[in-house]
There are 2 protein chains.
Amino acid sequence: MVSSDQLIEIAKRRGFFWQGSAIYGSLAGFFDYAHLGVFLKRRWETLWRKYFLGLDENYYEIQPSLIMHENVFKASGHLESFADPVAKCGKCGNAERADHILEDVLKENFEGVSVEDLLNLIKKHGIKCGKCKGEITEVRQFNMMFPLKLGVGKQEKTGYLTGETAQGAYVNFKQMFEVCRKKLPLGLAIIGKAFRNEIAPRNALIRMRELTQAELQIFFDPDTIEEHPNFKDVENYKLQLFPFSNRQSNKIEELTCKQAVEKLKLPKFYVYHLAKVQQFYLDVLKLPREKFRFKQLSDEEKAFYNKFHWDMELNLDSLGGWKEIGGVHYRTDHDLKGHQKTSSQSMEISLEGKKVLPHVLELSFGVDRNLYSLLELAYTEEKDRTVLKFPRAVSPFDAGIFPLVNKDGLQEKAKQVQQLLEEHGFVVFYDDGGSIGRRYRRIDEIGVAAGLTIDYDSLKQDDATIRDRDSMKQIRVKIKDLPQILRKFLQGEELEKLKS
Amino acid sequence: MVSSDQLIEIAKRRGFFWQGSAIYGSLAGFFDYAHLGVFLKRRWETLWRKYFLGLDENYYEIQPSLIMHENVFKASGHLESFADPVAKCGKCGNAERADHILEDVLKENFEGVSVEDLLNLIKKHGIKCGKCKGEITEVRQFNMMFPLKLGVGKQEKTGYLTGETAQGAYVNFKQMFEVCRKKLPLGLAIIGKAFRNEIAPRNALIRMRELTQAELQIFFDPDTIEEHPNFKDVENYKLQLFPFSNRQSNKIEELTCKQAVEKLKLPKFYVYHLAKVQQFYLDVLKLPREKFRFKQLSDEEKAFYNKFHWDMELNLDSLGGWKEIGGVHYRTDHDLKGHQKTSSQSMEISLEGKKVLPHVLELSFGVDRNLYSLLELAYTEEKDRTVLKFPRAVSPFDAGIFPLVNKDGLQEKAKQVQQLLEEHGFVVFYDDGGSIGRRYRRIDEIGVAAGLTIDYDSLKQDDATIRDRDSMKQIRVKIKDLPQILRKFLQGEELEKLKS
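Procedures and definitions
Residues numbered from 1 in each chain as written. Chains lettered and ligands numbered in written order. Predicted model: local features only at pLDDT ≥ 70, side-chain atom pairs only at ≥ 80, totals over all residues. Heavy atoms only, no water. Helix = DSSP H or I, 4+ residues; strand = E, 2+ residues; numbered from the N terminus. Rg over C-alpha atoms; globule rule 2.2 N^0.38 Å. Buried < 20%, exposed > 50% of the residue type's maximum accessible area, 1.4 Å probe, protein only. Contact = heavy atoms within 4.5 Å. Areas by Shrake-Rupley, 256 points an atom, 1.4 Å probe, with all protein chains shown as cover. Lys, Arg positive; Asp, Glu negative; His and termini not counted. Charge placed at Lys NZ, Arg CZ, Asp CG, Glu CD. Disulfide = S-S within 2.5 Å. pLDDT = per-residue confidence, 0-100. Pairing = 2+ DSSP bridges. Axes fitted to C-alpha atoms, helices over the stretch in contact; angles between N-to-C directions. Phe/Tyr/Trp six-rings, centres within 6.5 Å; stacked < 30°, edge-to-face > 60°. Lys NZ or Arg CZ within 6 Å of the ring centre and 35° of its normal. Polar contact = N/O pair within 3.5 Å; in protein donor to acceptor, adjacent residues only side chain to side chain. Patch = residues over 30% accessible without salt bridge, like charges linked within 9 Å, V, L, I, M, F, W, Y side chains within 5 Å. Salt bridge = Lys/Arg side-chain N within 4 Å of Asp/Glu carboxyl O. Least-squares fit on C-alpha atoms with pLDDT ≥ 70 in both. Core = buried A, V, L, I, M, F, W, Y, C linked by side-chain atoms within 4.5 Å. Domains from an automatic or database assignment. Left-handed = near helix turned anticlockwise from the far one by under 90°. Nonpolar A, V, L, I, M, F, W, Y, C, P; charged D, E, K, R; others polar. 1 Å grid on protein atoms, 1.4 Å probe; cavity = no way out; pocket = protein on both sides within 12 Å on 5 of 7 lines; lining within 4 Å. Points joined across faces, edges and corners; volume = space filled by probe spheres on them.

Enquirer: Please provide a residue-by-residue account of the overall build of chain A, values included.
Expert: For chain A, the count of helices and strands is 16 helices and 26 strands. Expected size for 500 residues packed as a compact globule is a radius of gyration near 23 Å; at 25 Å, chain A falls within 12% of this value. For chain A, the C-alpha atoms occupy an extent of roughly 75 × 65 × 60 Å along the three principal directions. Per-residue burial for chain A yields a buried fraction of 59% across its 500 residues. Counting only contacts in chain A whose residues sit at least 6 apart along the sequence, the fraction spanning at least 24 positions is 65%. Surface summary for chain A: the accessible area is close to 20400 Å², and the carbon and sulfur share equals 47%. Distance from the positive charge centre (76 side chains) to the negative charge centre (73 side chains) of chain A: 1 Å.

Enquirer: An account of the state of the cysteines is requested, with residue identities and associated values reported.
Expert: Residues and elements named next belong to chain A. Here the structure, examined in full by the defined rule, presents zero disulfides over all chains. Summary of cysteine pairing: cysteine 89 is not part of a disulfide, and the nearest cysteine sulfur, belonging to cysteine 132, is at 3.6 Å. Lacking any disulfide linkage, cysteine 129 is separated from the closest cysteine sulfur, that of cysteine 92, by 3.7 Å.

Enquirer: Kindly report on the confidence of the model for chain A, identifying the contributing residues and their values.
Expert: Summing up the model confidence of chain A, the mean pLDDT is 95 and the portion of residues at 70 or higher is 100%. Across the interface, the model reports ipTM at 0.96; the global pTM reads 0.96.

Enquirer: Residue-level account of the sheet that holds strand S13 (residues 253–256) of chain A, with values.
Expert: All names here are of chain A. Pairing is mixed across the open sheet formed by nine strands, whose spatial order is S3-S10-S11-S19-S16-S15-S14-S12-S13. Both edges of this open sheet fall to strand S3 (59–61) and S13, since each of them pairs with a single strand only. Across the sheet, the mean angle separating the axes of adjacent strands is 30 degrees when strand polarity is ignored. Bridge analysis of strand S11 (residues 210–220) against strand S19 (residues 359–366) gives eight bridges, and the strand direction is antiparallel. Residue pairing across strands places phenylalanine 219 opposite valine 360, the latter belonging to S19. Sheet strands in contact with helix H12 (residues 367–378) are S11, strand S15 (308–316), strand S16 (321–332) and S19, and its direction is about 30 degrees off that of S15.

Enquirer: Which residues make up the packing of aromatic side chains, and what are the values?
Expert: All names here are of chain A. Applying the stated rule across the entire model yields 56 aromatic pairs over all chains. Between tyrosine 51 and phenylalanine 52 the ring centres are 4.8 Å apart and the planes differ by 85 degrees, which places this aromatic pair in the edge-to-face class. Phenylalanine 52 shares its class with tyrosine 51; the two are buried. Connected via pairs of aromatic rings, a cluster forms that spans Trp44, Trp48, Tyr51, Phe52, Phe280, Tyr281, Phe292, Phe294 and Phe365. Directly above the aromatic system of phenylalanine 39 lies the positively charged group of arginine 42, at a separation of 6.0 Å from the ring centroid. The ring of phenylalanine 242 is capped by arginine 293, whose NZ or CZ atom sits 4.0 Å from the centre of that ring.

Enquirer: So what's going on with the side chain of B:Glu313? Residues and values would help.
Expert: Residue and element names in this part refer to chain B. By the element assignment, glutamate 313 lies in strand S15 (residues 308–316). Residue glutamate 313 is classed as buried on the basis of its relative accessible area, which comes to 4%. Polar side-chain contacts of glutamate 313 include one of 2.7 Å to the side chain of arginine 293. Leave out the neighbours within four places in its chain, and glutamate 313 touches Lys291, Phe292, Arg293, Lys295, Trp322, Lys323, Glu324 and Ile325.

Enquirer: Describe a nonpolar patch on the surface, listing the residues and the values that go with them.
Expert: Together, B:Leu404, B:Tyr456 and B:Leu459 give the surface a local cluster of nonpolar side chains, amounting to about 230 Å² of exposed area. With respect to the helices and strands, the residue B:Leu459 is situated in helix H15 (residues 456–461).

Enquirer: Report on the relation of the copies chain A and chain B, specifying residues and quantitative values.
Expert: For the match of chain A to chain B, the screw axis carries a shift of 0.0 Å, the RMSD comes to 0.1 Å, and the turn is 180 degrees. What we have between these two chains is a two-fold relation. Interface residue correspondence from chain A to chain B reaches 100%, placing this contact among same-surface, isologous pairings.

Enquirer: Describe the nonpolar core, and please don't skip the residues or the numbers.
Expert: What tends to happen in soluble globular proteins is that the nonpolar side chains get buried as a cluster. Counting 84 residues, the largest nonpolar core has B:Trp44, B:Trp48, B:Leu239, B:Phe280, B:Tyr281, B:Phe294 and B:Phe365 as the members making the most contacts within it. The dominant element in this core, judged by the number of residues it contributes, is helix H10 (residues 268–284) of chain B, at 11 residues. Formed jointly, this core draws a minimum of three residues from each of two domains, domain 1 (4–79 + 146–378) and domain 3 (397–498) of chain B. Judged by nonpolar contacts, the second largest core, of 83 residues, contains A:Ile206, A:Val271, A:Leu287 and A:Phe308.

Enquirer: Any details on the sheet that holds strand S6 (residues 95–97) of chain B? Residues and values, ideally.
Expert: Residue and element names in this part refer to chain B. Strand order in the open sheet formed by three strands is S6-S5-S7, with antiparallel pairing between adjacent strands. Both outer strands of the open sheet, S6 and strand S7 (136–143), are each paired with one neighbouring strand and no more. On average, each strand axis in the sheet is inclined to that of its neighbour by 35 degrees, with strand direction left out of account. Sheet analysis places strand S5 (residues 83–89) next to S6, joined by three bridges and oriented antiparallel. Across the sheet, lysine 88 pairs through a bridge with alanine 95, a residue of S6. Each of S5, S6 and S7 is contacted by helix H5 (residues 98–106), which is oriented at about 65 degrees to S6, the strand it contacts most. Of the strands in this sheet, S5 and S7 touch helix H6 (residues 115–124), which is tilted by about 150 degrees from S7.

Enquirer: Go over the packing of helix H13 (residues 410–423) of chain B against helix H16 (residues 482–490) of chain B with me, naming the residues and quoting the values.
Expert: All names here are of chain B. Closest axis-to-axis distance for the H13/H16 pair is 10 Å, and the angle between their directions is 65 degrees. In this structure, H13 meets H16 at a crossing whose hand is right-handed. Contact residues: H13 offers Val417, Leu420 and Leu421, while H16 offers Leu482, Pro483 and Leu486. Partitioning the contact of H13 with H16 into residue classes produces six nonpolar, no polar and no charged.

Enquirer: Got a sec to walk through empty space enclosed by the protein? Specific residues and values, please.
Expert: Per the counting criterion, the structure on display carries five cavities of 30 Å³ or more. The computed volume of the largest cavity comes to approximately 50 Å³. Around the largest cavity, the lining residues are A:Phe31, A:Tyr33, A:Lys41, A:Lys193, A:Met208, A:Glu210, A:Leu211, A:Thr212, A:Asp368, B:Gln63 and B:Ser65. Among the secondary structure elements, those contributing two or more residues to the lining of the largest cavity are strand S2 (31–33) and S11 of chain A. Among the elements that take part in the lining of the largest cavity, S11(A) stands out by supplying three residues, more than any other. Class assignment of the residues belonging to the lining of the largest cavity gives a composition of four nonpolar, three polar and four charged.

Enquirer: Explain the side chain of B:His329 to me, and be specific about the residues and the numbers.
Expert: All names here are of chain B. On the secondary structure map, histidine 329 appears in strand S16 (residues 321–332). In this structure the side chain of histidine 329 is engaged in a polar contact, spanning 3.3 Å, whose partner is the side chain of histidine 309. A distance of 2.5 Å separates polar atoms of two side chains, one belonging to histidine 329 and the other to glutamate 362. Ignoring sequence-local partners within four residues, the contact set of histidine 329 consists of Asn306, Phe308, His309, Asp311, Val360, Leu361, Glu362 and Ser364.

Enquirer: Summarise the environment of A:Asp463; cite the residues concerned and give the values.
Expert: All names here are of chain A. In this structure, aspartate 463 sits in strand S25 (residues 463–468). With a relative accessible area of 3%, aspartate 463 lands in the buried category. With 158 residues separating them in the primary sequence, aspartate 463 and tyrosine 305 have C-alpha atoms 60 Å apart. Among all residues touching aspartate 463, those that are not within four sequence positions of it are Ile454, Asp457, Ser458, Arg476, Val477, Lys478 and Ile479. Among the polar contacts listed, one links the side chain of aspartate 463 to the side chain of glutamine 461, at a separation of 2.8 Å. In this structure the side chain of aspartate 463 is engaged in a polar contact, spanning 2.9 Å, whose partner is the side chain of arginine 476.

Enquirer: Residues and numbers for helix H14 (residues 436–446) of chain B, please.
Expert: Side chains three or four residues apart in an α-helix point the same way, a direct result of the helix having 3.6 residues per turn. Buried residues of H14(B): B:Arg439, B:Tyr440, B:Ile443, B:Asp444 and B:Ile446, and no others. A positive backbone phi angle near 85 degrees is found at B:Gly447, which sits one or two residues after H14(B).

Have a look at this one:
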């Protein structure tokens, strides 16, 4: 089993990511993506974009500013309530997150507990300062938004770095509705940064001060929530569910979408999207079913404006178990209503003569958390090698291309193969350094799905060997068939079945 | 001729971009990209990435945090000198950018002039407050960095939003050198946000407080600056140059790279990259040659650490002439030396036994400015239509796909074509709303390069018509040949030559 520290060390040594501002002793809560991290991140984002924007022809991607008007966050409630409880040591002044220090000791979740109760609990259980063992004398709410002074002198205004990409979709909803098809559901996707002044950033990419989110805000007519036109496609699809009532038994329940609607009293529109999200993890990313679940949050745990809130969780050994990597939030009309009130502009739209204030279903993904999870789930130690067994669709490169030796025209042939594959849109790289065994180890270590080798026979037969990273099996394929065969391989086909 | 206001209105109405936080009266210096803007931006970025990372196998993309340690910007000099002169009205307190109000009146450039001289010039020319006509009583330097308080209590630290993507490459240079090929030149590309507290944001995407840059930092051995291994490939390539000595004559000089080296005393390593940048504009983006030039900056105009500094400029009618859209900056060892001093960590690397502190050549592009420019250069009014004649390679979609009528299986056939093209990596969209003429107008208005129509003959002949947005000519092509023909068309081939 790999530890979180080991994973961070591997990520650093191999060029995926490391702490930001490292030459200055680093800055807690900030990570820089190195080149392989960028490839991996782009893969994940491209798959996400294609899959979720593909759910409906009326779904679009937008890129709002990261800095927005103060009123955006007044309306959303962020300025008032986007806060975490901070516990302060009376002796040394050290600040810690109050609910987390309780959680660490009592192995329970204390999210949503009042600051008074947190302080009482800390005292009751004799929890002391993590730095100096002094007494914790104060617990208060600490707002996590980052304010900024914009402009100078009389024109100076306050703006804020956004705390979630979602607000950028809400403030642009009306305008986007106007320039697009003027119908619901309208989906606005944003892949972008969000900023949170975390009291105690931790676990590398899991709790950061600057993070990347991929979120899809689906604006829909609340009168249609009990239906989804494609519900039939998923009604027998089995969801991995961990409802609140199972917290004691710790049991995951497999329910079909139809059963989830009946048994858990969830609307079809909501359950349809649970299915789509789960399919993204199991069918697109091809993660193991037993590693994935939806966890239902209790009323105390979820934000007050979420009527339904189930988190996506992955079971991550390096972090001691199930970790939230995103959530499916039915935010009702909370956000549009808030902006309507604060801006005095109507957020209603007109649908066949009917005035509608749309409701919002939010599919929210922490991109960095997802990448950390991919790294952990991929990490494999074998007898003679360590391998990153990324799902083929997200490995940082589709293939490495190697001439067996650096003479007799093998390099030129290999570069022709590189060019052919790049023309077909593959992300490949060429390597002619060191023995072929060493080059295979190198791609194993960074998780490249396929190794293509050009040998002397390749010159005669116009073919190449393709090696599967995971099984280490090889087959020979004609170069003209390579694009098609590599595509099928990356889609998950077994190598044996691809012989040309 | 289209004005800047008209362009901004078009961008808004058609769904490219608009001012941020618009429902709250908007926030100066911030723009949100709507769906078509996102497509256009991604196209530009993808072309940039492919072209510039393709210049050398040792060039990589990284994504550093936007918020960095205070010392990063101490070392870089941003905290001391990343400032603009602000002129303050003694009567109403209004703040304006001192050099710009002079520039507006005197039609000269006042960048780099001292605050004392600026105030004297303002008084001498009787320039008054733009708001109240009161007297301007003060000019002082205003630092444009955005500070942030990170964490809480005793652990609180100051961080900054980055003012240029470049610093993220410099602070990661040593680590990237170690995990990559350990050789020079090493190129680190970043496409990301930068933040500048502009005194007076203006001209939409031209001067923003939150902007996107695409920058390539090339770290090289200064001993090799007089050479470039591929200089021969460009020695007879003609550059569009506007040297400082031509400011009076206002004449662009066409010099070959070889002549530029000899006549302008520029090193080959620098001139080679001028050629590559110009080729990006003329051969990849296919912008008109006469719209592009490199402008040499004077010693007063350029940053003190730039030994050579030529800006890329495009001639934009809507902004009254030539506008900077990027620059080629030879920053010497200024940055690495600064970080070496401030961090007390050596930035030297070892090259075959030789200790080298690399020098940096920076290729810097303002992405938003480039997109604004594309929009202006594309905007065309014709007798019966307005068209956005984007270069085919950057149009937001590759093609629109239309069934002639919505019956008799034409829709299904059109959707098959859509699927075929998407499988081949094309970005297309399907539209069956309104008359075919209206649908053509719609794609003309948003600049889609090709329109594909499925009619009754298509069912019999398994073909489609492809219509060229610019010439409005049409040809019929077999559907099985469509991917190949569309690819050639997008590469710039004339429609007539593509008949199948």
